[in-house]
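# Observations on the model geometry
The chain contents come next:
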Amino acid sequence: MKPRLFTPGPTPVPEETLLELAKPVGYHRSPEAKAILAEVSEDLKYVFQTANPVFTLTSSGTGGMEAAVASALAPGEKVILCTAGRWGERWRGILKAHGANVVAVEVPYGKAVTPDMVQAAVAQHPDARAVFATLSETSTGVGHDLEAFGKIVAKTDALLIVDGISGLGAMECRVDAWHIDVCVTGSQKALMLPPGLAFVSVSEKGWKKIDATPVRAFYFDLRRYRKSLAESDTPFTPANTLIKAQRVSLKQIRAEGIENLWARHAKIAAACRAGVKAMGLEVFAERPNNALTVITVPAGVDGSGTLKKLEKQYGFKLADGQDTLKGKIWRLSHMGYTDAFEVLGAVSALELVLLESGFKLDPGSGVAAFQKAYAGK
Ligand SMILES: *Cc1c(COP(=O)(O)O)cnc(C)c1O
């Protein structure tokens, strides 16, 4: 059976990038390696929509998040945490480990933190040094209005620090124009690479705060990455094979154009949501993002069992809910190297499995609605 990966990380990797990964390993301090890092860093600036350098860390996305916290905050400093799911909670865990004084703006899973909530929190806590947010809350499928958050936070002394993992490269995100001071993403979500790299951008306002904060990290001290990248280098041995492969995937993004890429994801996501609704299912997120579609498991259906059947019978690997959402939602990723026909296939396979388990639906209803929406009819 052909395996089909629809998890919201890792995601499918283009063939050209896989071929790059098959090549011999080179030395990471050679002029060639430096030229590749320089090129990747330039292309990342384009993906982030920033004029500031984007640093490459050898870690999963969480390492980039920890680097942001460890570099920008001193223990005891107050921060506002916007949390709408497991990844907001990841910020909380890192912040706690680093001794931050966390004020949480919290919404139930499936809901989005609104700009009004952020406005109220910054008004109530003028001493907050940073606002932490998540672009795409991958655990629920919610997307946050970071453009509006940015307008609010830019008027204060606080930094806006964003987990862009899974969102960046799938949905519109303009780091500079939206006043995002620190933006973090990982290689294995929308950037079409296996896991292993984290990418971090820092604004001028962000550097002011970081440079005024005592050094508390070694591997994750962003100052080291700034110093090294000025010479097209990394402070430690990088996952250089992954960096070479990232160059190939980034070239594909460049060739498509970031706005076309956002539009492609938006079109597939809208069609997928239409398909899901036409099957008589509900979209879990109140403000869905374009990286993935999260579906509420209908009453009487075995959520986790359905996913097992999808994989075993048809090769479609979707993701279950995490923690308390296990068995209650299905997460279908359409970010990165995934096209409309593959997602249409996933909708079709879900229809089949549901039909087989006795769920009442008209065969083809989801597929037809997907096609109608995709064709704009
Ligand atoms: C996947 C993900 C993470 C975790 O990243 P790792 O690479 O597993 O460390 C954090 N935040 C969001 C929004 C994610 O989707």
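Residues numbered from 1 in each chain as written. Predicted model: local features only at pLDDT ≥ 70, side-chain atom pairs only at ≥ 80, totals over all residues. Heavy atoms only, no water.

### Considerations on the overall build of the protein chain
The condition is simple: By definition, any uninterrupted DSSP run of H or I lasting at least four residues is a helix, any uninterrupted run of E lasting at least two residues is a strand, and each is numbered from the N terminus. The globule rule used here is 2.2 Å times the number of residues to the 0.38 power, and the radius of gyration it is set against is calculated over C-alpha atoms. Each residue is placed in one exposure class: buried if its accessible area under a 1.4 Å probe, protein chains only, is under 20% of its type's maximum, exposed if it is over 50%, and partly exposed if it falls in between.
Each helix and strand counted, the protein chain has 13 helices and 15 strands in total. Taken against the 2.2 N^0.38 rule, which gives 21 Å for 377 residues, the C-alpha radius of gyration of the protein chain at 21 Å falls within 12% of a compact globule. For the protein chain, the C-alpha atoms occupy an extent of roughly 60 × 55 × 35 Å along the three principal directions. For the protein chain, the proportion of its 377 residues judged to be buried stands at 58%.

### Structural notes on the packing of aromatic side chains
Heads up, the rule is: Pairing of aromatic side chains requires ring centres within 6.5 Å, counting the rings of Phe and Tyr and the six-membered ring of Trp. Pairs whose planes differ by under 30 degrees are stacked, by over 60 edge-to-face, and all others tilted. The rule is short: NZ of Lys or CZ of Arg within 6 Å of the ring centre and within 35 degrees of the ring normal puts a charge over the ring.
Overall, the coordinates contain 8 aromatic pairs when judged by the stated rule. Centre to centre, the rings of phenylalanine 6 and phenylalanine 316 are 5.5 Å apart; their planes meet at 25°, and the pair counts as stacked. Highlighted residues: phenylalanine 6 in the loop between β1 (4-5) and α1 (15-21) and phenylalanine 316 in strand β13 (residues 316-317), separated in sequence by 310 residues. The same class applies to phenylalanine 6 as to phenylalanine 316, namely buried. Centre to centre, the rings of tyrosine 219 and phenylalanine 236 are 4.7 Å apart; their planes meet at 20°, and the pair counts as stacked. One end of the pair, tyrosine 219, is in the loop between α7 (204-211) and α8 (222-229); the other, phenylalanine 236, is in the loop between α8 and α9 (240-256), with 17 residues separating them in the sequence. Its relative accessible area of 19% is what places phenylalanine 236 among the buried residues. Members of the aromatic cluster, joined through ring pairs, are Phe218, Tyr219, Phe220, Tyr225 and Phe236. Residue placement shows arginine 254 over the ring face of tyrosine 46; its charged tip is 4.6 Å from the ring centre. Residue placement shows lysine 267 over the ring face of tyrosine 374; its charged tip is 4.3 Å from the ring centre.

### A few points about the side chain of threonine 234
Basically, it comes down to this: Nitrogen and oxygen atoms within 3.5 Å of one another constitute a polar contact, given that in protein one can donate a hydrogen and the other can accept it, and given that sequence-neighbouring residues count only through two side-chain atoms. The contact definition used throughout considers only heavy atoms, calling two residues in contact when any of these lie within 4.5 Å.
Of note, threonine 234 is situated in the loop between α8 and α9. Among the polar contacts listed, one links the side chain of threonine 234 to the backbone oxygen of phenylalanine 236, at a separation of 2.9 Å. Filtering out sequence-adjacent residues up to four positions away, threonine 234 remains in contact with Arg29, Leu37, Thr56 and Ser228.

### Considerations on the sheet that holds strand β14 (residues 319-320)
Either a parallel or an antiparallel arrangement is found when strands of a sheet pair, and the pairing is made through backbone hydrogen bonds. Put simply, the rule reads: Paired strands are those between which DSSP finds at least two bridges.
In spatial order, the strands read β11-β12-β15-β14; together these 4 strands make up an open sheet with antiparallel pairing. Looking at the sheet topology across the chains shown, the edges are occupied by β11 (282-283) and β14. With 2 bridges connecting them, β14 and strand β15 (residues 329-333) associate as antiparallel partners. Looking across to β15, one finds that alanine 319 is bridged to arginine 331.

### Side note on the environment of glycine 300
Position of glycine 300 relative to the elements: it lies in the loop between β12 (292-296) and α11 (303-314). Overall, glycine 300 belongs to the exposed group, its relative accessible area being 88%. Taking the C-alpha atoms as reference points, glycine 300 and phenylalanine 359, separated by 59 residues in sequence, lie 8.5 Å from one another.

### With respect to the state of the cysteines
Applied cut-off: The rule for a disulfide is simple: a pair of cysteine sulfur atoms within 2.5 Å.
Per the counting criterion, the structure on display carries 0 disulfides. Just so you know, cysteine 82 is unpaired, no disulfide at all, and the nearest cysteine sulfur is the one on cysteine 183, 14 Å from it. Assessed through its relative accessible area of 2%, cysteine 82 is described here as buried. With no disulfide of its own, cysteine 173 has cysteine 183 as its nearest cysteine by sulfur position, at a separation of 4.9 Å. Since its relative accessible area comes to 1%, cysteine 173 is described here as buried.

### As for the site of the ligand
Where we set the bar: By convention in these notes, a residue is near a molecule or strand provided one of its non-hydrogen atoms lies within 4 Å of it. Areas reported as accessible are Shrake-Rupley estimates using a 1.4 Å probe. Residue values count occlusion only from the protein chains shown. Residues are said to line a cavity or pocket when one of their atoms sits within 4 Å of a point; the points come from a 1 Å grid over protein atoms alone, cavities being sets where a 1.4 Å probe fits but cannot get out and pockets being open sets with protein on both sides within 12 Å along at least five of seven lines. A cavity or pocket is said to hold a molecule if more than half of that molecule's atoms lie within 2 Å of its grid points. Just so you know the grouping, Ala, Val, Leu, Ile, Met, Phe, Trp, Tyr, Cys and Pro go in nonpolar, Asp, Glu, Lys and Arg go in charged, and all remaining residues, Gly too, go in polar.
Close contacts around the ligand come from Ser60, Gly61, Thr62, Trp87, Thr134, Ser136, Thr138, Asp163, Ile165, Ser166, Gln188 and Lys189, and that covers them all. For the ligand, an oxygen atom lies 2.5 Å from a polar atom in the side chain of threonine 62. With respect to the ligand, the side chain of glutamine 188 contributes an N or O atom lying 2.7 Å from an oxygen atom. When the free accessible area of the ligand is taken as 380 Å², the share hidden by the protein chains comes to 90%. At a threshold of 2 Å from the grid points, most atoms of the ligand map onto the second largest pocket. For the shell around the ligand, a count of residues per class yields 2 nonpolar, 8 polar and 2 charged.

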